[in-house]
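One-letter residues, chain by chain:
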Amino acid sequence: MKQIIVVLAFLISSIGFSQESKKAEALLNEVYNKAQAYDNISVKFKYVLENVSEDIKQETRGDVVMKGDNYLLNILGVTRLYDGKKLYTISPEDEEVTISSDNSDDENSITPSKMMSFYKDGYTYDMDIIQDVKGRKIQFVKLNPIDTNSEIKEVYLGIDAKTKNIYRLIEVGKNGTKTTLTVNSFKTNEPISKTLFTFDKNKYKDYYINKLD
């Protein structure tokens, strides 16, 4: 009798787990589909990197414009421009431009172009807590890497329950490092230049051009 009760309890919890997983997947898909409908997305954000054991805490602000797979990201004094084929990392401090192939195949890197879709491959997900942030209901979804060798321990996506836009992304590494990206401004379908995602080498004539590929 005791074994039957244990089995029933397991089945009930499995059903609940499955339902929560499906709810999480449905919410993530809703966020993704909504983002795909926009012509472009402009985001201003706060970025925090912490590792308590190493006594590291770094805070900065940045901004990114995304259109399809293309993006223009400014953070830590560096500009990263992806034109759909090549990634240009521009460092005014070093007067250097590094040109490489896109790193989107790196599963341990959540790039702007993968911000809305990275969950689709390599993760399982569950509904997590709901937080009240200045009157906004933020529903968190927990993502767990399927690959046990992944450097990522878990990822939490905080989604505005009303707008279905991403408000916060928290990535926890197995090395104890936690990175948190909080969206301060989220705008869509802004007028942008046709050449925004085009690298103009004439602007960097005095820069060292480092081609990795």
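Residues numbered from 1 in each chain as written. Predicted model: local features only at pLDDT ≥ 70, side-chain atom pairs only at ≥ 80, totals over all residues. Heavy atoms only, no water.

## Some points on unusual backbone geometry
- Within the chain, Glu95 stands out as a residue other than glycine whose phi angle is a positive 50 degrees.
- Mapped onto the elements, Glu95 comes out in the loop between strand S5 (86-91) and strand S6 (96-101).
- The partly exposed category is assigned to Glu95, whose relative accessible area is 42%.
- The residue Lys134 is not glycine, and still its phi comes out positive at about 50 degrees.
- Along the chain, Lys134 turns up in the loop between strand S7 (123-133) and strand S8 (136-145).
- Judged by its relative accessible area of 82%, Lys134 is exposed. (Helix = DSSP H or I, 4+ residues; strand = E, 2+ residues; numbered from the N terminus. Buried < 20%, exposed > 50% of the residue type's maximum accessible area, 1.4 Å probe, protein only.)

## With respect to the environment of Tyr47
- Here Tyr47 is to be found in strand S1 (residues 41-51).
- Tyr47 sits 132 residues away from Thr179 along the chain, and the two C-alpha atoms are 7.2 Å apart.

## A word on the packing of aromatic side chains
- Under the definition given, this model contains five aromatic pairs.
- Arranged with centres 5.8 Å apart and planes meeting at 35 degrees, the rings of Tyr71 and Tyr82 form a pair that is tilted. On the criterion of sequence distance, the pair formed by Tyr71 in strand S3 (residues 70-75) and Tyr82 in strand S4 (residues 78-82) is long-range, its members being eleven residues apart. By the burial criterion, Tyr71 is buried, and Tyr82 matches it.
- Both rings, one in Phe199 and one in Tyr204, keep their centres 5.4 Å apart while their planes meet at 5 degrees; by these two values the pair is stacked.
- A relative accessible area of 17% places Phe199 in the buried class.
- These aromatic residues form a ring-pair network of at least three members: Tyr88, Phe199, Tyr204 and Tyr207. (Phe/Tyr/Trp six-rings, centres within 6.5 Å; stacked < 30°, edge-to-face > 60°.)

## Structural notes on a negative patch on the surface
- On the surface, Glu93, Asp94, Glu95 and Asp206 cluster together into a negatively charged patch.
- Relative to the assigned elements, Glu93 resides in the loop between S5 and S6. (Patch = residues over 30% accessible without salt bridge, like charges linked within 9 Å, V, L, I, M, F, W, Y side chains within 5 Å. Areas by Shrake-Rupley, 256 points an atom, 1.4 Å probe, with all protein chains shown as cover. Salt bridge = Lys/Arg side-chain N within 4 Å of Asp/Glu carboxyl O. Lys, Arg positive; Asp, Glu negative; His and termini not counted. Charge placed at Lys NZ, Arg CZ, Asp CG, Glu CD.)

## Quick look at the sheet that holds S4
- Pairing is mixed in the open sheet, where twelve strands are placed in the order S7-S8-S9-S10-S11-S1-S2-S3-S4-S5-S6-S12. The sheet is open, and its two borders are formed by S7 and strand S12 (208-211), each paired with just one other strand. Ignoring which end each strand starts from, the neighbouring axes of this sheet average 20 degrees apart. (Pairing = 2+ DSSP bridges. Axes fitted to C-alpha atoms, helices over the stretch in contact; angles between N-to-C directions.)

## Thoughts on the pattern of salt bridges
- Applying the stated criterion across every chain, the model contains six salt bridges.
- Lys67 serves as the salt-bridge partner of Asp39, at 2.7 Å between the closest nitrogen and oxygen. Residue Asp39 is found in the loop between helix H1 (2-36) and S1, and its partner Lys67 is found in strand S2 (residues 56-67); the two are separated by 28 residues along the sequence.
- Taking the relative accessible area as the measure of exposure, Lys67 reaches 32% and is therefore partly exposed.

## As for the pairing of S4
- In the sheet, S3 pairs with S4 via five bridges, with the strands oriented antiparallel. Of the residues in S4, the one forming a bridge with Leu72 is Leu81.
- What sits between the antiparallel neighbours S3 and S4 is a turn of two residues, in which Leu76 has the positive phi angle 55 degrees.
- Pairing of S4 with S5, which is carried by four bridges, proceeds in the antiparallel orientation. Looking across to S5, one finds that Arg80 is bridged to Thr89.
- Where S4 folds back on S5, the antiparallel hairpin that results is connected by three residues, among which Gly84 adopts a positive phi of roughly 100 degrees.

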